Amino acid sequence: QLVESGGGLVQVGGSLRLSCAASGRAFGTYTVAWFRQAPGKERDFVAVNSWSGINTYADSARGRFTISRDNAKNTAYLQMNSLKPEDTAVYYCAAGTAFSTSTVNYDYWGQGTQVTVSS
């Protein structure tokens, strides 16, 4: 089970840190990713972190967002800086065994947390 938190309303240029708390003892062996979905749009890849520490970012996130994890706490994070109105979406964390930017390769999903960036 994955539970996201940390979303909210922030002004343009602000920052938020999303958290994804996982249950289960195998968290450290999973790839963890963040996706986002704006109203009327598909769920898009944001960032992925492999169990070995490799990170990949969407072009829209690179340089502004940082994905990380703390295996001792069974928690993954997405630090988001310099937020823009187009970052407004529901953000989902996902876990799976493949290192992938595609939603189809993830077995476990959180319920999502809303991020709204106001101008």
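Fair warning: this is a prediction, and the values are worked out from it, not measured in the lab.

A. Spotlight on the overall build of the protein chain. From N to C terminus, the protein chain includes zero helices and 11 strands. For 119 residues, the compact-globule estimate of 2.2 N^0.38 gives 14 Å, and the C-alpha radius of gyration of the protein chain, at 13 Å, lies within 12% of that figure. Taking the principal axes of the C-alpha coordinates as reference, the protein chain spans close to 40 × 25 × 25 Å. Relative to its 119 residues, the protein chain shows a buried fraction of 43%.

B. Broad picture of the side chain of Ser50. Mapped onto the fold, Ser50 is located in the loop between strand 5 (43-49) and strand 6 (55-57). Since its relative accessible area comes to 6%, Ser50 is described here as buried. Leaving out residues up to four positions away in the same chain, Ser50 has contacts with Tyr30, Thr31, Arg69 and Phe99.

C. Looking closely at the sheet that holds strand 7 (residues 65-70). A sheet is described by the order of its strands in space; here four strands give the open sequence 1-3-8-7, paired in antiparallel fashion. Two strands lie at the open edges of the sheet, namely strand 1 (2-5) and strand 7, each paired on one side alone. In this sheet, neighbouring strand axes are inclined to one another by 15 degrees on average, regardless of whether the strands run parallel or antiparallel. Sheet topology places strand 1 next to strand 3 (residues 16-22); four bridges connect them, and they run antiparallel. Bridge pairing in strand 3 places Leu2 opposite Ala22.

D. Representation of the state of the cysteines within the structure. Per the stated rule, a full pass over the model turns up one disulfide. In this model, Cys20 is linked to Cys93 through a disulfide, with the two sulfur atoms separated by 2.1 Å. Where Cys20 bonds to Cys93 through sulfur, the torsion about that S-S bond is close to 65 degrees, and the disulfide is right-handed. Of this pair, Cys20 sits in strand 3 while Cys93 sits in strand 9 (residues 89-96); the two residues are 73 residues apart in sequence, bridging distant segments of the chain. A residue is classified by how much of its surface remains accessible, and Cys20, at 0% relative accessible area, is buried. Taking relative accessible area as the criterion, Cys93 reaches 0% and is therefore assigned buried.

E. Up close: the nonpolar core. Within the largest apolar cluster, 25 residues are counted, with the highest numbers of intra-cluster contacts made by Trp34, Val46, Phe65, Leu78, Met80 and Tyr91. Those elements that provide at least two residues to this core are strand 3, strand 4 (31-37), strand 5, strand 7, strand 8 (75-80), strand 9 and strand 11 (113-118). When neighbours within four sequence positions are excluded, Leu78 is seen to be in contact with Leu16, Arg17, Leu18, Trp34, Val46, Ala47, Phe65, Thr66, Ile67 and Tyr91. Counting seven residues, the second-largest nonpolar core is a separate cluster that includes Ala33, Phe35, Phe45 and Ala94.

F. Structural view of the packing of aromatic side chains. Counted under the stated rule, the structure contains five aromatic pairs. Ring pairs connect the aromatic residues Phe35, Phe45, Tyr106 and Trp109, which therefore count as one cluster. Between the NZ or CZ atom of Arg69 and the centre of the ring of Phe27, over which it lies, the distance is 5.1 Å.

Rules used throughout
- Residues numbered from 1 in each chain as written.
- Predicted model: local features only at pLDDT ≥ 70, side-chain atom pairs only at ≥ 80, totals over all residues.
- Heavy atoms only, no water.
- Helix = DSSP H or I, 4+ residues; strand = E, 2+ residues; numbered from the N terminus.
- Rg over C-alpha atoms; globule rule 2.2 N^0.38 Å.
- Buried < 20%, exposed > 50% of the residue type's maximum accessible area, 1.4 Å probe, protein only.
- Contact = heavy atoms within 4.5 Å.
- Pairing = 2+ DSSP bridges.
- Axes fitted to C-alpha atoms, helices over the stretch in contact; angles between N-to-C directions.
- Disulfide = S-S within 2.5 Å.
- Core = buried A, V, L, I, M, F, W, Y, C linked by side-chain atoms within 4.5 Å.
- Phe/Tyr/Trp six-rings, centres within 6.5 Å; stacked < 30°, edge-to-face > 60°.
- Lys NZ or Arg CZ within 6 Å of the ring centre and 35° of its normal.

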